[in-house]
Amino acid sequence: MTTRLIVGLGNKGQEYAKTRHNAGFILIDSFAAAEHISWQEKPKFKAHIAEFTQGDDKIILVKPTTYMNLSGEAVRAIKDFYKIENQDILVIHDELALPFGTIRTRVGGSDAGNNGIKSLIQHIGADFARIRIGILDDEMPIMGATDFVLDRFDPEELKELETGELQRTTRQLIDDFIAGTFEHTTHTLDA
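(A) Just the overall build of the chain, in detail. Each helix and strand counted, the chain has seven helices and eight strands in total. Taking 2.2 N^0.38 as the reference for a compact globule, 191 residues should give roughly 16 Å; the C-alpha atoms of the chain span a radius of gyration of 15 Å, in line with that estimate. C-alpha atoms of the chain, sized along the principal axes, occupy 45 × 30 × 30 Å. Expressed as a percentage of the 191 residues in the chain, the buried residues total 49%. A separation of at least 24 residues holds for 70% of the contacts in the chain among residues at least 6 apart in sequence. Within the structure as shown, the chain displays about 8,900 Å² of accessible surface, and the carbon and sulfur contribution to it stands at 48%. Here the chain holds 21 positive side-chain charges and 30 negative ones, and the gap between their average locations is 6 Å.

Here it is, written out as structure tokens:
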């Protein structure tokens, strides 16, 4: 049995709910709901965790409760406890360099200015799989990067993340990762 870790990045707390920086939380919540599994808080891991099995694999969904900038602490604790290799770790996170509606997948790479990814690289190395969710729109140059990522998605964007094509594509990419068919790709929502 292989144990696979699927991590959604974000910030805990109602004040951060539905913000752009919480794209990873929003998408992993949708995935957990579709699998009919519930979250449990695990203080020793500094995370909320949901588990299920698929075929011969144990799947652990994770939402760190450390805030974005310390996400690596939670992932490292879970990785060590379950003895999970980096090749079996997938991280879903917001990507300021990509326009909203764009999804890129890759294994490895830099943090591209994302402090959650920076923390993960510091704690476990860079060779884990990623689903990068584009969040950039016309508001960013007006607001500045920090205010922009901590601002809420507009209603249409949120609908896309929770029930639209973006959510369905992300779910398929998670399924591909679980099945071992995850590849470097770029997806753009149909205009």
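(B) Main features of the side chain of Ser71. On the secondary structure map, Ser71 appears in helix α2 (residues 71-82). Excluding its chain neighbours within four sequence positions, the residues that come into contact with Ser71 are Leu9, Pro64, Thr66, Gly116, Ser119 and Leu120.

(C) Region of interest: helix α7 (residues 165-179). When the terminal C-alpha atoms of α7 are compared, their 21 Å separation across 15 residues agrees well with the 21 Å that a helix rising 1.5 Å per residue should span. All of the buried residues in α7 are Leu166, Gln167, Thr169, Thr170, Leu173, Ile174, Phe177 and Ile178.

(D) Region of interest: the side chain of Thr66. On the secondary structure map, Thr66 appears in the loop between β4 (57-64) and α2. Assessed through its relative accessible area of 9%, Thr66 is described here as buried. Of note is the side chain of Thr66, whose polar atom sits 3.2 Å from the backbone oxygen of Leu70. Engagement of the side chain of Thr66 in a polar contact is seen with the backbone nitrogen of Ser71, the distance being 3.4 Å.

(E) View of the pattern of salt bridges. One pass over the structure, following the stated rule, counts eleven salt bridges. The salt bridge partner of Lys46 is Glu73, with a shortest N-O separation of 3.0 Å. Taken together, the positions of Lys46 in the loop between β2 (40-42) and β3 (47-54) and Glu73 in helix α2 put the pair 27 residues apart, joining distant regions of the chain. Using a relative accessible area of 39% as the deciding quantity, one classes Lys46 as partly exposed.

(F) Here's a closer look at the nonpolar core. Grouped together as the largest cluster of nonpolar side chains are 32 residues, with contacts concentrated most on Ile6, Leu61, Leu90, Ile131, Ile133 and Ile174. The set of elements that each furnish at least two residues to this core consists of α1 (23-34), β3, β4, β5 (89-99), β7 (129-136), α5 (145-149), α6 (155-163) and α7. For Ile133, the residues in contact, after removing those within four places along its chain, are Ala23, Leu27, Ile92, His93, Asp94, Glu95, Thr102, Ile103, Leu161, Leu166 and Thr170. Counting residues in hydrophobic clusters, the runner-up holds 19 residues, among them Ala74, Ile78, Leu120 and Ile124.

(G) Quick look at the pairing of β7. In terms of burial, β7 is a largely internal element, seven of the eight residues being buried. Two elements, β5 and β7, share seven bridges in a ladder whose sense is parallel. The residue of β7 that forms the bridge with Ile92 is Ile131. Strand direction decides the pairing type here: strand β6 (residues 102-107) and β7, joined by five bridges, are antiparallel. By the bridge assignment, Ile103 is partnered in β7 with Ile133.

(H) Representation of the packing of α1 against α7 within the structure. Orientation of α1 relative to α7, taken along the N-to-C sense of each, is 70°, at an axis distance of 10 Å. The pairing of α1 with α7 is recorded here as roughly perpendicular in orientation. Here α1 contributes Leu27, Ser30, Phe31 and Ala34 to the contact with α7, which in turn contributes Leu166, Gln167, Thr170, Arg171, Ile174, Asp175 and Ile178. Residues belonging to the contact of α1 with α7 are distributed by class as follows: six nonpolar, three polar and two charged.

What counts and how
Residues numbered from 1 in each chain as written. Predicted model: local features only at pLDDT ≥ 70, side-chain atom pairs only at ≥ 80, totals over all residues. Heavy atoms only, no water. Helix = DSSP H or I, 4+ residues; strand = E, 2+ residues; numbered from the N terminus. Rg over C-alpha atoms; globule rule 2.2 N^0.38 Å. Buried < 20%, exposed > 50% of the residue type's maximum accessible area, 1.4 Å probe, protein only. Contact = heavy atoms within 4.5 Å. Areas by Shrake-Rupley, 256 points an atom, 1.4 Å probe, with all protein chains shown as cover. Lys, Arg positive; Asp, Glu negative; His and termini not counted. Charge placed at Lys NZ, Arg CZ, Asp CG, Glu CD. Expected span 1.5 Å × (residues − 1). Polar contact = N/O pair within 3.5 Å; in protein donor to acceptor, adjacent residues only side chain to side chain. Salt bridge = Lys/Arg side-chain N within 4 Å of Asp/Glu carboxyl O. Core = buried A, V, L, I, M, F, W, Y, C linked by side-chain atoms within 4.5 Å. Pairing = 2+ DSSP bridges. Axes fitted to C-alpha atoms, helices over the stretch in contact; angles between N-to-C directions. Parallel < 35°, antiparallel > 145°, perpendicular 65-115°, else oblique. Nonpolar A, V, L, I, M, F, W, Y, C, P; charged D, E, K, R; others polar.

These figures capture arrangement, not role.
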